[in-house]
Amino acid sequence: MRIGYGYDLHRLARDRALILGGLEIEFRKGLDGHSDADVLLHAIIDALLGAAGLGDIGKHFPPSDDAYKGISSLLLLERTAKLLAAAGFEIGNIDATIVCQEPRLAPHIPEMAERTARAAGCTKGQINIKATTEEGLGATGVGEAISASAVALITKVA
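Just so you know, these numbers come straight off a predicted model, no measurement behind them.

Colleague: So what's going on with the overall build of the protein? Which residues, and what values?
Modeller: The helix and strand inventory of the protein stands at five helices and seven strands. Tracing the protein from N to C terminus, the helices and strands come up as β-β-β-β-α-α-α-β-α-β-α-β. Taking the principal axes of the C-alpha coordinates as reference, the protein spans close to 45 × 35 × 25 Å. Out of the 158 residues in the protein, the part that is buried amounts to 48%. Partitioning the intrachain contacts of the protein with sequence separation of at least 6 by distance along the chain shows that 70% fall at a separation of at least 24.

Colleague: Before we move on, could you go through the packing of aromatic side chains and cite the residues and values that matter?
Modeller: Aromatic rings considered in pairs are described by the distance between their centres and by the relative angle of their planes. Enumeration according to the criterion identifies one aromatic pair in this entry. Taking the centre distance of 5.6 Å and the plane angle of 80° together, the rings of Phe61 and Tyr68 count as edge-to-face. Judged on exposure class, the residue Phe61 and its partner Tyr68 are both buried. Its guanidinium or amino end placed over the ring of Phe89, Lys156 lies 4.5 Å from that ring's centre, counting from NZ or CZ.

Colleague: Which residues make up the nonpolar core, and what values go with them?
Modeller: Formed by 47 residues in total, the largest nonpolar core has its most connected members in Leu20, Ile44, Leu48, Met112 and Ile146. Looking at this core, the elements that each hand over two or more residues are β2 (18–20), β3 (23–25), α1 (39–52), α3 (73–86), β5 (89–99), α4 (109–120), β6 (127–132) and β7 (145–156). Per element, the largest residue contribution to this core is eleven residues, and it comes from α1. Non-local contacts of Leu48, meaning those with residues more than four positions away in its chain, are made with Leu77, Thr80, Leu84, Ile91, Ile94, Ala152 and Ile154.

Colleague: Explain the pairing of β6 to me, using residue names and the numbers behind them.
Modeller: In terms of strand pairing, β5 meets β6 through six bridges, oriented parallel. Residue pairing for β6: Ala96 is matched across the bridge by Ile129. Considered for its hand, the β-α-β crossover made up of β5, α4 and β6 is right-handed.

Colleague: Which residues make up α4, and what are the values?
Modeller: Here α4 is twelve residues long and its end C-alpha atoms lie 16 Å apart, about the 16 Å a rise of 1.5 Å per residue gives. Ile109, Met112, Ala113, Thr116, Ala117, Ala119 and Ala120 are the residues of α4 that are buried. Summarising the axial view, the buried residues of α4 lie within an arc of 165°, below the 170-degree limit, and thus occupy one face. Considering only its buried residues, α4 is in contact with β2, β3, α1, α3, β5 and β6. Two residues or fewer after α4 comes Gly121, characterised by a positive phi angle close to 75°.

Colleague: Residue-level account of the sheet that holds strand β4 (residues 30–31), with values.
Modeller: One open sheet holds the five strands; their spatial order is β4-β1-β7-β5-β6, and the pairing between them is mixed. Looking at strand neighbours, the two that pair on one side only are β4 and β6, the edges of this open sheet. Of the strand pairs in this sheet, β5 and β7 are connected by ten bridges, and their pairing is antiparallel. Across the sheet, residue Ile98 finds its bridge partner in β7, namely Ala148.

Colleague: Any details on the environment of Lys82? Residues and values, ideally.
Modeller: Looking at the element boundaries, Lys82 is found in helix α3. In sequence terms Lys82 and Ala120 are 38 residues apart; their C-alpha atoms lie 8.6 Å from each other.

Colleague: Describe the pattern of salt bridges, and please don't skip the residues or the numbers.
Modeller: All chains considered together, the criterion is met by four salt bridges. A salt bridge links Arg28 to Glu102, with the nearest nitrogen and oxygen atoms 2.6 Å apart. With Arg28 in the loop between β3 and β4 and Glu102 in the loop between β5 and α4, this residue pair connects regions lying 74 residues apart in the sequence. Taking relative accessible area as the criterion, Glu102 reaches 36% and is therefore assigned partly exposed. One salt bridge in this structure joins Arg115 and Glu111, with 2.7 Å as the shortest N-O distance. Taken together, the residues span about one helical turn, with Arg115 and Glu111 both in helix α4 at a distance of four residues. Residue Arg115 is classed as partly exposed on the basis of its relative accessible area, which comes to 26%.

About the criteria used
- Residues numbered from 1 in each chain as written.
- Predicted model: local features only at pLDDT ≥ 70, side-chain atom pairs only at ≥ 80, totals over all residues.
- Heavy atoms only, no water.
- Helix = DSSP H or I, 4+ residues; strand = E, 2+ residues; numbered from the N terminus.
- Buried < 20%, exposed > 50% of the residue type's maximum accessible area, 1.4 Å probe, protein only.
- Contact = heavy atoms within 4.5 Å.
- Phe/Tyr/Trp six-rings, centres within 6.5 Å; stacked < 30°, edge-to-face > 60°.
- Lys NZ or Arg CZ within 6 Å of the ring centre and 35° of its normal.
- Core = buried A, V, L, I, M, F, W, Y, C linked by side-chain atoms within 4.5 Å.
- Pairing = 2+ DSSP bridges.
- Right-handed = clockwise from strand over helix to strand, strands pointing away.
- Expected span 1.5 Å × (residues − 1).
- Arc of directions from axis to C-beta.
- Salt bridge = Lys/Arg side-chain N within 4 Å of Asp/Glu carboxyl O.

Now the structure itself:
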């Protein structure tokens, strides 16, 4: 068994869609970034890659590469799952937390977990997603950014 940790933060910006867990959420701002800026999936990808000792998201999907401009992070997660499989690993479970003051995410979490599991090639029961606020503190607390962290447990396939 191996454990990995991932973290990501993106600034909120006007004229961008808010994508979390591969799901577009209606909100007045979205996350700014080279891809769709899905902080949740980026944190999960980094946790999986880290657990497998395969580097990080920037190594495999560099923001300097125009091939990833605007790309769905669900596709990046699918590619990450293939990298894990090729290295002989399978996902045990993923636990992730999104940090933002708004919008309220609780109603969206089941669909985020479903999309994440499908892209990762595992069951929804292996994915746990939570959301919290920072009580008005820091960049996420004042509504300037959204962050996410994730831990992943992977096992070597026999």
